[in-house]
Number of protein chains: 4
Amino acid sequence: MNIEIFEKAFEKGKEAIPLGNVATYIPELGKAGKNSLGLSIYTDDGQRINIGDTQTRFTMQSISKIVSLAAALEVCGFDNVFEKVGMEPSGEAFNSLVELDLNSNRPFNPMINSGALTVASLLLPKMSFLDLADYTRLICLDEEITFNEAVYKSEMANVSRNRAIAYLLESKGIIENGVEESLSLYTKMCSLNVTAESLANFGMVLALEGKNPVSGEQLMNPKVAQIVKTIMLTCGMYDGSGEFAVRVGIPTKSGVGGGLLSVVDKKMGIGIYGPSLDEKGNCIAGRPLLEYLSKELNLHIL
Amino acid sequence: MNIEIFEKAFEKGKEAIPLGNVATYIPELGKAGKNSLGLSIYTDDGQRINIGDTQTRFTMQSISKIVSLAAALEVCGFDNVFEKVGMEPSGEAFNSLVELDLNSNRPFNPMINSGALTVASLLLPKMSFLDLADYTRLICLDEEITFNEAVYKSEMANVSRNRAIAYLLESKGIIENGVEESLSLYTKMCSLNVTAESLANFGMVLALEGKNPVSGEQLMNPKVAQIVKTIMLTCGMYDGSGEFAVRVGIPTKSGVGGGLLSVVDKKMGIGIYGPSLDEKGNCIAGRPLLEYLSKELNLHIL
Amino acid sequence: MNIEIFEKAFEKGKEAIPLGNVATYIPELGKAGKNSLGLSIYTDDGQRINIGDTQTRFTMQSISKIVSLAAALEVCGFDNVFEKVGMEPSGEAFNSLVELDLNSNRPFNPMINSGALTVASLLLPKMSFLDLADYTRLICLDEEITFNEAVYKSEMANVSRNRAIAYLLESKGIIENGVEESLSLYTKMCSLNVTAESLANFGMVLALEGKNPVSGEQLMNPKVAQIVKTIMLTCGMYDGSGEFAVRVGIPTKSGVGGGLLSVVDKKMGIGIYGPSLDEKGNCIAGRPLLEYLSKELNLHIL
Amino acid sequence: MNIEIFEKAFEKGKEAIPLGNVATYIPELGKAGKNSLGLSIYTDDGQRINIGDTQTRFTMQSISKIVSLAAALEVCGFDNVFEKVGMEPSGEAFNSLVELDLNSNRPFNPMINSGALTVASLLLPKMSFLDLADYTRLICLDEEITFNEAVYKSEMANVSRNRAIAYLLESKGIIENGVEESLSLYTKMCSLNVTAESLANFGMVLALEGKNPVSGEQLMNPKVAQIVKTIMLTCGMYDGSGEFAVRVGIPTKSGVGGGLLSVVDKKMGIGIYGPSLDEKGNCIAGRPLLEYLSKELNLHIL
């Protein structure tokens, strides 16, 4: 693999940083270094490329939605999950209530907050937060993942909108019990500390249909990996998912902590950390960086 | 006054009862006798006409929204109230979240749940529930008004949608603190037990610009009475308010407990109890009954 | 009558003019003199007070919606009109399509464009534009009302949004035929040239339940006058109608040409011309002027 | 290639037919034989499999949206097209106006009617309908494609909703001129008569990055083919696109004439004809048929 291409991609990303901003709706997130950027690559032949801040810990935020979705698919089954939450891109912002109130049956998909809270409520009777944290460590191949209590507390102090969504879900019978517990579980999952490298690992596991790239052990049902990748592709970048699919064509999930997890199917896991965000809440360095890689290495899914 | 006209009106209302249904979303409300009907009239010359179930106690429900609005206007002032809640009919159902989420500034008016919850939050630092219950007794000229704890508990067990609205209001900075307390205060006010006669009394006080019809004592600022009557006219019958204004033309507020409070300005207070509801949640006997009175006695506001 | 109160009210209105703007979405309307202001009063004892630009001709615009509604109620009947268009305030801007698309049955009310286009389509087989222009002259007691072809042409060159609404109405079966003719009829009615005095006359006719104030001749069914006044009260000032009802309490209809027509029931017709508009499209001088009159002369409906 | 798998898939599709219905909103479409089913496969090694009604002519309907998108990308360029229309799935039905009215800038994507009408308006100054029909014949490798005038006329007699959308686009400056011409061009393109085999051919061209599978001639820019396939994947099946991507994972575009065009990248073009539709307007035989093929032949994109 030609490392220069990755270095060039990293530079492309770096150039975009000044145009974005660190998330400030939660004080703890506002402390991140705007200029940080890390790119971690893990390939199917076992190579690893790390450029920049790949060992900095930051919170997963919405990237945890795919961990929870995978866990729920494993422990509750496909039909039980998708009876409660759809698979359709919504065309609306991640925290919209409108589409849920008008579309009474179920949240559009598990990547918007209403869907992720529903997934949390499904997990509640099956897995504790400790179980889910262990599962996260397992599929990220990273024993060092810890819980960031300061971020969790900061989020819980600003959680009214998600709480409103959760009670709206209860009023519609979508969350049947444990509203506060679901909200807390969802927020705790958002507060797990990962690195760009952890995300590259998770990406590689998804690329290999759920297999541990070193041991070959099956960590996740291949069908679950397929569903997660597909939903990342159609819904992973909030209301910018469609354009991202056209321009980049690599299934990717973002989080407002600055993380991006990308999967080049069968070939590569990519983890990025860059807390300067675009207006949709996605790491602003990510698109030019990944678009460059996609073109140079021909990684577009189609 | 010709009592036969009122008896005829009562019959007109009675005929409509089979077409409606008692509210059942809360088990306690479902216990009401569907065929009950009471009509209480109180006129400016001191006459009182009572036909049917005018002494039966039932919960105010949304009629309490005008009590709370009056109290808030008295203790917080016009500008402070209407900075937080608008005066516009919304064209949507009483429990919609959509219009609030799209219209970010403030609830459309104090007669929909989002507006009433906002009013409750404004009252919170100024008046306790006990103060408000006393105020209700005062303006209804009814010392017997009690708190229906069974209904309150039944409502609080089904309160998810209002709780969602309350947290959405918090997330927008409209409710600044005391979300749960506001929700509880609002629901307690809904659970005050009145009679058709209490409502006729309150109507007469409003008709007399806030004066006690017996003692002449000013119970409410005349300006406050005017605002309350105007908002009853434009927003008092949920998303059927416009048609009601055209057909009946008497400012009226309904509650899902089956109550209706109407004000014939300067002349008459009218209280109705009839728990069989139309599909918008208004006492189904009310419209034909009041439409008949409006025509026969020329009570239309215009 | 104390003319000084009207002069004072006029001054109150004058002060607000600089805060508004002349409508510019149509070039012809943009030619109006921003500082113009006219106030014409006509009372039930036959007195007339004219202050300022009360003889200037300007186009009726949305004020024609109440002329057409009155005509349709006369020639088609209450039930046929309200089967096609509702009576509910919509909470949305006058030119919204959203509420019509979501609420599939019929437009919310005849004061929004979708409702007014529906009314035009109902009139089409019954009255020609010439008939309607004559009817306007009749109820405005003004033989001089002419058709402003320059404004009509200017409007028809910018009519796409209304045309979209009209075809949406056709697609829902609300307009059954003559979409282009309905659009043209509606726009022609908007282009009738009136004066503040014409509007005061029309207001007086409505105040007198449809009677010619001089001859006593019944120009309009009293029931029609009542419906028109009620809908002016609940829907006459676009999405500012509710607040206007609370603060002023005088049924009023506005037009973007700068006109305002107000009815003090049984007592007074008021016509105002002031093309400087507030952001909702209502004459900006109107509210302080009418609010002052309402308070000083106790004209609030409640 | 194992023909039995395709026969089995065909049977799977056949079983679903009774659950659907032929489109009837346009009389001409209602004449289709509900039980018809055709499956045409064209593979990269030049093999062709035809089962059932693969030579029956039917109108392309919405499948023409991808022809027009491809043409517009070729003649107007990526940036000019996507300045006027987005790339995001909308979460709404294909004929919604709501999302366009609230989201003022541009239609969500070129697969919903508002987006397709915008694309037609962009093509207008560059290509005539005759040019576009020739282009369709070229990329479908089918000289026999004809214009179905009966369907065109039937559609134009029921075109109000699309006309409303087109004028709304004009009112927002998205269609700058030629509203009626754009509407006509769009509807003509919907009325081109293809066969399941034509669609398989077009699918093969897309699979081969725009190359004629026989001659190797480049019929379409490879980048254009990539964009079209990606948008088929995210938006090709109306508001069922997300679920289709998860369950089937083959970029597919449907039309209410009963056609389905699928692309297995680099490997296969698939054309299906089955006019019995599910409630979203997609050929009801398509999903079980393609889901079976996807699983048996491992054709899921991820």
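A quick note: this is a predicted structure, and the numbers were derived from the prediction, not measured.

> Is there a simple way to explain the arrangement of the chains in this structure?
Looking at chain A next to chain C, you find no contact at all, with the nearest C-alpha pair sitting 10 Å apart. Note that chain B does not reach chain D: the shortest distance linking a C-alpha of one to a C-alpha of the other is 10 Å.

> Quick question: what am I supposed to make of the packing of aromatic side chains here?
The description of two aromatic rings rests on the distance between their centres and on the angle between their planes. For the structure shown, the criterion picks out 18 aromatic pairs over all chains. A centroid spacing of 5.3 Å and a plane angle of 65 degrees characterise the contact between Phe129(B) and Phe147(B), whose relative ring orientation is edge-to-face. Note that Phe129(B) is positioned in helix 7 (residues 129-139) and Phe147(B) in strand 4 (residues 146-147), a separation of 18 residues in sequence. Classification of Phe129(B) as buried rests on a relative accessible area of 14%. The class for Phe147(B) is partly exposed, based on a relative accessible area of 29%. Centroid distance Phe147(D) to Tyr152(D): 5.4 Å. Interplanar angle 55 degrees. Geometry classified as tilted. Judged by relative accessible area, Tyr152(D) falls into the buried class, the value being 14%. Put simply, the rings of Phe129(A), Phe147(A) and Tyr152(A) pair up and form one aromatic cluster. Sitting above the plane of the Tyr167(B) ring, Arg163(A) keeps its charged end 5.2 Å from the centroid. Just above the ring of Tyr238(A) sits the side chain of Lys253(A); from NZ or CZ to the centre is 4.4 Å.

> Explanation requested: the pattern of salt bridges in the structure shown.
Note that side chains of opposite charge can pair when their charged atoms are close. Under the counting rule described, the total for this entry stands at 56 salt bridges over all chains. Its salt-bridge partner being Asp142(A), residue Arg57(A) comes within 3.1 Å of it at the nearest N-O pair. Linking Arg57(A) in the loop between strand 3 (48-52) and strand 4 (58-59) with Asp142(A) in the loop between helix 6 (129-139) and strand 5 (146-147), this pair joins segments that are 85 residues apart in sequence. Judged by its relative accessible area of 32%, Arg57(A) falls in the partly exposed class. Where Glu176(D) meets Lys84(D), a salt bridge forms, and the shortest distance between an N and an O atom there is 2.5 Å. Taken together, the residues span a long stretch of sequence, with Glu176(D) in the loop between helix 9 (160-171) and helix 10 (179-190) and Lys84(D) in helix 4 (residues 78-84) at a distance of 92 residues.

> Even after reading the chapter, I still don't get the interface of chain A and chain D, so can you show me in this structure?
Each side of the interface is counted separately: chain A has 29 residues, and chain D has 29 residues. Both faces combined, the contact of chain A with chain D buries some 2,600 Å², and carbon together with sulfur accounts for 67% of it. In terms of surface lost to chain D, no three residues of chain A exceed Glu88(A), Val246(A) and Leu302(A), which account for 27% of the buried area on that side. Where chain A touches chain D, the interface holds zero salt bridges.

> Can you walk me through the relation of the copies chain A and chain D in this structure?
Between the two copies of this chain, the relationship is a rotation about some axis together with a displacement along it. Mapping chain A onto chain D calls for a screw motion: a turn of 180 degrees about the axis and a shift of 0.0 Å along it, with 0.0 Å RMSD after fitting. The symmetry that links the two subunits is that of a two-fold axis. A shared binding surface is used by both copies, with 97% of the interface residues of chain A retained as interface residues in chain D.

> Before we go on, may I ask you to explain helix 6 (residues 129-139) of chain C in this structure?
Because each turn of an α-helix spans 3.6 residues, side chains separated by three or four positions end up pointing in the same direction. All names here are of chain C. Of the positions making up helix 6, those classed as buried are Phe-129, Leu-132, Ala-133, Tyr-135, Thr-136, Arg-137 and Ile-139. The secondary structure elements touched by the buried residues of helix 6 are helix 2 (64-76), helix 5 (113-123), strand 5 (146-147), helix 9 (179-190), strand 6 (192-194) and helix 10 (196-207). Downstream of helix 6 by one or two residues, Leu-141 has phi in the positive range, about 50 degrees.

> In this structure, what is going on with the side chain of Thr187(B)? I would like to understand it.
Residue and element names in this part refer to chain B. For Thr-187, the location among the structural elements is in helix 10 (residues 179-190). On the accessibility criterion, Thr-187 (2% relative accessible area) is buried. Excluding its chain neighbours within four sequence positions, the residues that come into contact with Thr-187 are Tyr-152, Glu-155, Met-156 and Val-159.

> Whenever I open this one, the sheet that holds strand 6 (residues 192-194) of chain D confuses me. Can you help?
By way of backbone hydrogen bonds, the strands of a sheet pair with one another, either parallel or antiparallel. Residue and element names in this part refer to chain D. Strands sit in the order 4-6-5 across an open sheet of three strands; the sheet is antiparallel. At either end of the open sheet lies a strand with only one pairing partner, and these are strand 4 (58-59) and strand 5 (146-147). Bridge analysis of strand 5 against strand 6 gives two bridges, and the strand direction is antiparallel. Within strand 6, the position partnered with Thr-146 by the bridge is Asn-193.

> What should I look at first to understand helix 14 (residues 286-297) of chain D in this one?
Residues and elements named next belong to chain D. With twelve residues, helix 14 extends 16 Å from end C-alpha to end C-alpha; this agrees with the ideal 16 Å at 1.5 Å per step. Where helix 14 is buried, its residues touch helix 1 (3-16), strand 2 (38-43), helix 13 (241-247), strand 7 (252-254), strand 8 (259-264) and strand 9 (268-273). One or two positions beyond helix 14, positive phi appears at Asn-298, with a value near 60 degrees.

> Can you walk me through the sheet that holds strand 6 (residues 192-194) of chain A in this structure?
Strands sit in the order 4-6-5 (chain A) across an open sheet of three strands; the sheet is antiparallel. Edge positions in the sheet fall to strand 4 and strand 5 of chain A, since each of these pairs with one other strand and no more.

> I tried to follow the pairing of strand 2 (residues 38-43) of chain A on my own but got confused; where do I start?
As a general feature of sheets, a regular strand has side chains that alternate between the two faces. All names here are of chain A. Among the six residues of strand 2, six are classified as buried, and the element is accordingly described as predominantly covered. On strand 2, burial covers both faces: Gly-38, Ser-40 and Tyr-42 on one face and Leu-39, Ile-41 and Thr-43 on the other are all buried. Sheet analysis places strand 2 next to strand 3, joined by five bridges and oriented antiparallel. Counted as the bridge partner of Ser-40 is Asn-50 from strand 3. The turn linking strand 2 back onto strand 3 is made up of four residues, and Gly-46 within it adopts a positive phi angle of 90 degrees. Looking at chain direction, strand 2 and strand 9 (residues 268-273) are connected through six bridges and run antiparallel. From the neighbouring strand, Leu-39 faces strand 9, where its bridge partner is Ile-272.

> Teacher, can you tell me more about the environment of Lys12(D) here?
Residues and elements named next belong to chain D. Considering the arrangement of structural elements, one finds Lys-12 in helix 1. Judged by its relative accessible area of 32%, Lys-12 is partly exposed. Contacts of Lys-12, omitting those with residues within four sequence positions, involve Pro-288 and Tyr-292.

> Which parts of the structure should I look at to understand the domain arrangement of chain A?
Quoted interface sizes are often the accessible area lost when the parts come together. Residue and element names in this part refer to chain A. Partitioning chain A into structural domains gives domain 1 (3-61 + 194-297) and domain 2 (63-190). Just the C-alpha atoms count here: the centres of domain 1 and domain 2 sit 21 Å apart. Taken together, the contacts link 36 residues of domain 1 with 38 residues of domain 2. Summed over both sides, the interface between domain 1 and domain 2 buries roughly 3,100 Å², with carbon and sulfur atoms accounting for 73% of that surface. The largest per-residue losses of area from domain 1 upon contact with domain 2 belong to Met-60, Gln-61 and Ile-231, which jointly make up 19% of the total buried on that side. Counting across the interface, domain 1 meets domain 2 through one salt bridge. Remark: the boundary between domain 1 and domain 2 carries eleven residue pairs in polar contact (both at pLDDT 80 or more). Those elements that place two or more of their residues in the side of domain 1 that touches domain 2 are helix 10 (196-207), helix 11 (222-235), strand 7 (252-254) and strand 8 (259-264).

Each value, and the rule that gives it
- Counting from 1, residues in each chain are numbered in the order their sequence is written.
- Chain letters start at A and ligand numbers start at 1, both assigned in the order the entries are written.
- With pLDDT at 70 or above as the cut-off, local features in this predicted model cover only qualifying residues; side-chain atom pairs require 80 or more to be listed or tallied, and sums for whole chains, interfaces and linings still use all residues.
- Hydrogens and waters are ignored; side-chain quantities use all the structure's heavy atoms.
- By definition in these notes, contact holds between two residues if any of their heavy atoms fall within 4.5 Å.
- Under the pairing criterion, centres of Phe, Tyr and Trp rings, with the six-membered ring standing for Trp, must be within 6.5 Å; the plane angle then separates stacked pairs below 30 degrees from edge-to-face pairs above 60, leaving the rest tilted.
- Going along the chain from the N terminus, every DSSP run of H or I of four or more residues is numbered as a helix, and every run of E of two or more is numbered as a strand.
- Burial classes follow relative accessibility: with a 1.4 Å probe on protein chains only, a residue under 20% of its type's maximum area counts as buried, one over 50% as exposed, and anything between as partly exposed.
- Look at NZ for Lys and CZ for Arg. If either is within 6 Å of the ring centre and within 35 degrees of the ring normal, a charge sits over the ring.
- When a carboxyl oxygen of Asp or Glu is within 4 Å of a side-chain nitrogen of Lys or Arg, the pair counts as a salt bridge.
- Simply put, the buried area is the total loss of 1.4 Å probe accessible area from both parts when two parts are fitted together.
- When the copies are superposed, the least-squares fit takes in the C-alpha atoms of residues with a pLDDT of at least 70 in both.
- Strand pairing is assigned whenever DSSP identifies at least 2 bridges connecting the two strands.
- Given a helix with a known number of residues, its expected span is that number minus one, times 1.5 Å.
- These domain boundaries are the output of an automatic or database domain assignment.
- Definition of a polar contact: a pair of N or O atoms within 3.5 Å, with one able to donate and the other able to accept a hydrogen when the atoms are protein atoms, and with sequence-neighbouring residues admitted only if both atoms are side-chain atoms.

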